[in-house]
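Fold and contact review
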Amino acid sequence: MSKTKVDSTGIDLSDTFAFTGTVTGAGGITMVDQFRLTGDFDIPTSEGSITSNLERSDTRGAASFGSIQMSQSSGVFTFPSTGFYLVIFTVQFYASANDGNLQAAIKFTSDNSSYNTTGLIQQSANANQSISFGSGAVTVLLDITDTTNQKVKFNLGAGPSGTAAKARGDTDQNETTMTFIRIGDT
């Protein structure tokens, strides 16, 4: 079989191409994965990590994309390969009026040990209502170059006087979720 090399000025890049074999170097999204909280999480007054009641979203059309996926153990998420990842943490909560500031954080480690906040949102419980409902999302774009040591986890907090704040979770629908999208090579 003869091969012809064509530079980019010799073809119309707006056309659609059908390839046989393996295409390399094209980049693009190669993985999408989503986890959810399966039951309500009591938000501590001092920030705490979500370590249990997590599952891959799997009902009513929920899907993952890619041949390798995220893995998690006790709420610590490991990336399946190097690359640029968009990480989205979406939280639905309810709280009593005295729960003060509610916060959701994405924590990142580069040494598989020390975690620091890389993304944070805060919202106040409404003092004019006995129960406040709300939601929010925090996103970060990470350059993962070391899948052994670079990981993330998700934290929640209600301070300074939080006593009854909860992040909502359900095994049958998405309420509080962690979404991972690998958007390209590093």
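What counts, and where the lines are drawn
Residue positions are given per chain, counting from 1 as you read along its sequence in written order. Thresholds applied to this predicted model are a pLDDT of at least 70 for local features of residues and 80 or more for the giving and counting of side-chain atom pairs; totals over whole chains, interfaces and linings are not thresholded and use all residues. Computation of side-chain values covers all heavy atoms of the structure but excludes hydrogens and water. Where helices and strands are cited, they refer to DSSP runs of H or I of at least four residues and of E of at least two residues respectively, numbered from the N terminus. Three exposure classes are used, based on accessible area relative to the maximum for each residue type with a 1.4 Å probe and protein chains only: buried under 20%, partly exposed in between, and exposed over 50%. Contacts are assigned to residue pairs that have any heavy atoms within 4.5 Å of one another. Areas reported here follow the Shrake-Rupley algorithm with a probe of radius 1.4 Å; residue values treat only the protein chains shown as occluding. The term nonpolar core refers to a set of buried residues drawn from Ala, Val, Leu, Ile, Met, Phe, Trp, Tyr and Cys, joined through side-chain atoms within 4.5 Å. Stacked, tilted and edge-to-face pairs are distinguished by plane angle, under 30 degrees for stacked and over 60 for edge-to-face with tilted covering the rest, among Phe, Tyr and Trp rings (Trp via its six-membered ring) whose centres lie within 6.5 Å. In this scheme, the term charge over a ring applies when either NZ of a lysine or CZ of an arginine sits within 6 Å of the ring centre and within 35 degrees of the ring normal. The term salt bridge refers to a pairing of a side-chain nitrogen on Lys or Arg with a carboxyl oxygen on Asp or Glu at a separation within 4 Å.

Topic: the overall build of the protein
Counting its secondary structure elements, the protein contains zero helices and 13 strands. Along the protein, from the amino end to the carboxyl end, the secondary structure elements read β-β-β-β-β-β-β-β-β-β-β-β-β. Expressed as a percentage of the 186 residues in the protein, the buried residues total 36%. Sequence-distant contacts in the protein: of pairs separated by 6 or more residues, those separated by 24 or more amount to 76%. On the protein, roughly 10200 Å² of surface is accessible, and the fraction owed to carbon and sulfur atoms is 47%.

Side note on the nonpolar core
Grouped together as the largest cluster of nonpolar side chains are 32 residues, with contacts concentrated most on Phe79, Val87, Phe89, Val152, Phe154, Leu156 and Phe180. Residue assignment for this core shows that the elements contributing at least two residues are strand E1 (31-37), strand E7 (83-96), strand E8 (101-109), strand E10 (131-144), strand E11 (151-159) and strand E13 (177-184). Among the elements that make up this core, the one with the highest residue count is E7 (six residues). Leaving out residues up to four positions away in the same chain, Leu156 has contacts with Phe41, Ile43, Pro44, Ser46, Glu47, Gly48, Ile50, Phe89, Val91, Gln103, Ala104 and Ala167.

Some words on the packing of aromatic side chains
The final tally for this structure, using the stated rule, is seven aromatic pairs. Where Phe77 meets Phe180, the ring centres are 5.1 Å apart and the plane angle is 35 degrees; that geometry is what we call tilted. With Phe77 in strand E6 (residues 76-78) and Phe180 in strand E13, the pair connects residues that are 103 residues apart, well separated along the chain. Plain terms: the ring middles of Phe154 and Phe180 are 6.1 Å apart, the flat faces sit at 75 degrees to each other, and that makes the pair edge-to-face. With Phe154 in strand E11 and Phe180 in strand E13, the pair connects residues that are 26 residues apart, well separated along the chain. As far as the burial class goes, Phe154 and Phe180 line up, both buried. Site record: aromatic cluster; members linked through ring pairs are Phe35, Phe77, Phe79, Tyr85, Phe89, Phe154 and Phe180. Residue placement shows Lys153 over the ring face of Tyr115; its charged tip is 4.3 Å from the ring centre.

Focus: the pattern of salt bridges
Oppositely charged side chains can pair when the atoms bearing their charge come close. Taken as a whole and judged by the stated rule, the model has seven salt bridges. Lys166 is paired through a salt bridge with Asp42; the nearest N and O atoms lie 2.2 Å apart. Taken together, the residues span a long stretch of sequence, with Lys166 in strand E12 (residues 166-167) and Asp42 in strand E2 (residues 41-42) at a distance of 124 residues. Judged by relative accessible area, Lys166 falls into the partly exposed class, the value being 24%. Residues joined in a network through salt bridges with shared partners are Arg36, Glu55 and Asp58.

Observations regarding unusual backbone geometry
Backbone phi values are negative for most residues with the exception of glycine, while trans is the configuration of most peptide bonds. Non-glycine residue Asn53 carries a positive phi angle of around 60 degrees. Relative to the helices and strands, Asn53 is located in the loop between strand E3 (48-49) and strand E4 (54-56). Residue Asn53 is classed as partly exposed on the basis of its relative accessible area, which comes to 43%. Positive phi is not limited to glycine here, since Ser74 has a value of about 50 degrees. Its location among the elements puts Ser74 in the loop between strand E5 (71-73) and E6.

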